[in-house]
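Here's the letter readout for the chains.
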Amino acid sequence: MELPFQIDLSGEVAVVTGGSGIIGGMFCRALALCGAKVAVLGRKAENGEPVKADIEAAGGEAITVSADVMSKESLEKAKQEILDKWGKINILVNCAGGAVKSAQIPQDQFSDIEGDMLNFFTTDMENVRSELDLNLYGTMLPTQIFGASMVGQENANIINISSMGAYGPLTRIPGYSSAKAAISNFTEWAANYFAKSGIRVNALAPGFFQTTQNHALHFNPDGTPTPRSKKIIDSTPMGKYGDPEDLIGALLFLVSPKGSSFVTGVILPVDGGFHCYLGV
Ligand SMILES: NC(=O)c1ccc[n+]([C@@H]2O[C@H](COP(=O)([O-])OP(=O)(O)OC[C@H]3O[C@@H](n4cnc5c(N)ncnc54)[C@H](O)[C@@H]3O)[C@@H](O)[C@H]2O)c1
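Residues numbered from 1 in each chain as written. Predicted model: local features only at pLDDT ≥ 70, side-chain atom pairs only at ≥ 80, totals over all residues. Heavy atoms only, no water.

### Let's talk about the environment of Val93
The condition that has to hold: A run of DSSP states H or I qualifies as a helix once it reaches four residues; a run of E qualifies as a strand once it reaches two. Both are numbered from the N-terminal end. Remark: exposure states derive from per-residue accessible area (1.4 Å probe, protein chains only) relative to the maximum for the residue type, with buried under 20%, exposed over 50%, and partly exposed in between. We call two residues in contact when some of their heavy atoms are within 4.5 Å.
Relative to the assigned elements, Val93 resides in strand β4 (residues 91-94). The exposure class of Val93 is buried, given its relative accessible area of 0%. Sequence separation between Val93 and Ile199 is 106 residues, and the spatial gap between their C-alpha atoms is 13 Å. Other than its neighbours up to four places away in sequence, Val93 contacts Val15, Val16, Thr17, Phe27, Leu31, Ile159 and Leu251.

The following block contains the structure:
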């Protein structure tokens, strides 16, 4: 991986939830290339091993830790493991999350659907609740648990992951959009709350990236784009999907002790202009 620019995070300790995922894994590698020690956190520690191996191969330092971002007990255990190993935590990236397939509504609009086809009225709200829990609670809880050990640390930073669904609802994924809107709101709340503690809190709002999580919504089994995919490209002023690596510069800017030391409560879109274009 090539960094867009270098910042110095040597001596710093970062935890990345969802660290074995596509975007989380990339963030782990980028932070390690800047000198941070990185805890790759996921539900199964072994899934983080390839990320850890990449970091070590590049001369960096990493551990894998297992925790569910919705379980206080497992997060407390993970925090203790990291503190035992490195003695501090000063960067938290809340990257675990995503849309839950069973909470998707298959149509853009209701049209008097007959029969047993899934629609909003027949969607199991427990699936929507689990989507809200994963994204919102799964951001608030690690912030509470890891944040407690970040107070007073130098260059203490929390980075949350919002989405274009926070600016306005995306069709078919009302639970995900609501959860990401709440993450943006929580980011601003926490920025004020922690401002005098030395912890900065910011968020990235990625546009559309081709990753495994959204693949089925955007591409047919034969690899051709779905109509939704065409709408996304047409609604993105730059006319393309982002490459996950496009997010790295924004992350490094936000955790940079020099570059953004007076920046907190920002939701930074990285989206080829999607958020500022209404289609006409
Ligand atoms: N891919 C995109 O286009 C896009 C756009 C906007 C926002 N995002 C957000 O970026 C983040 C990363 O997405 P991604 O595309 O890399 O997806 P991904 O599925 O590759 O990564 C998500 C990671 O979260 C982990 N995870 C899920 N539930 C967890 C739990 N309960 N506890 C701990 N870990 C858990 C998964 O195992 C996975 O490693 C998500 O918050 C997603 O909503 C992605």
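Don't stop here, the text continues.
### A short note on the layout of surface pockets
What counts here: A 1.4 Å probe that fits but cannot get out identifies a cavity on a 1 Å grid over protein atoms alone, an open set with protein on both sides within 12 Å along at least five of seven lines counts as a pocket, and a residue lines either if it has an atom within 4 Å of a point. Grid points are joined across faces, edges and corners, and a volume is the space filled by probe spheres set on the points. For this classification, Asp, Glu, Lys and Arg are treated as charged, while Ala, Val, Leu, Ile, Met, Phe, Trp, Tyr, Cys and Pro are nonpolar and the rest, including Gly, are polar.
Within this model, the second largest pocket holds a volume of roughly 470 Å³. Around the second largest pocket sit 18 residues that line it, and Pro169, Leu170, Thr171, Ser235 and Phe274 are the ones nearest its centre. When the residues that make up the lining of the second largest pocket are grouped by side-chain class, the tally is nine nonpolar, five polar and four charged.

### Overview of the side chain of Ser163
Condition: N or O atoms within 3.5 Å of each other form a polar contact, as long as, within protein, one can give a hydrogen and the other can take it, and as long as residues adjacent in sequence are counted only when both atoms are side-chain atoms.
Here Ser163 is to be found in the loop between β5 (156-161) and α5 (174-194). For Ser163, the side chain forms a polar contact with the main-chain nitrogen of Gly165, separated by 2.8 Å.

### Some points on the pairing of strand β6 (residues 199-206)
Spelled out, the test is: DSSP calls a pair of strands paired once it identifies at least 2 bridges connecting them. Orient the strands so they point away from the viewer, and a crossover whose first-strand-to-second-strand path over the helix runs clockwise is right-handed.
β6 sits mainly inside the fold: eight of its eight residues count as buried. Residue alternation in β6 divides its side chains into two sets, Ile199, Val201, Ala203 and Ala205 and Arg200, Asn202, Leu204 and Pro206, and both sets are buried. Across six bridges, the pairing between β5 and β6 is parallel. Opposite Ile161, over in β6, you have Leu204 as the bridge partner. With α5 bridging β5 and the parallel β6, this β-α-β connection has right-handed handedness. When β6 meets strand β7 (residues 267-270), the two strands line up parallel, connected through four bridges. Each residue of the ladder has a partner; that of Leu204, found in β7, is Leu268.

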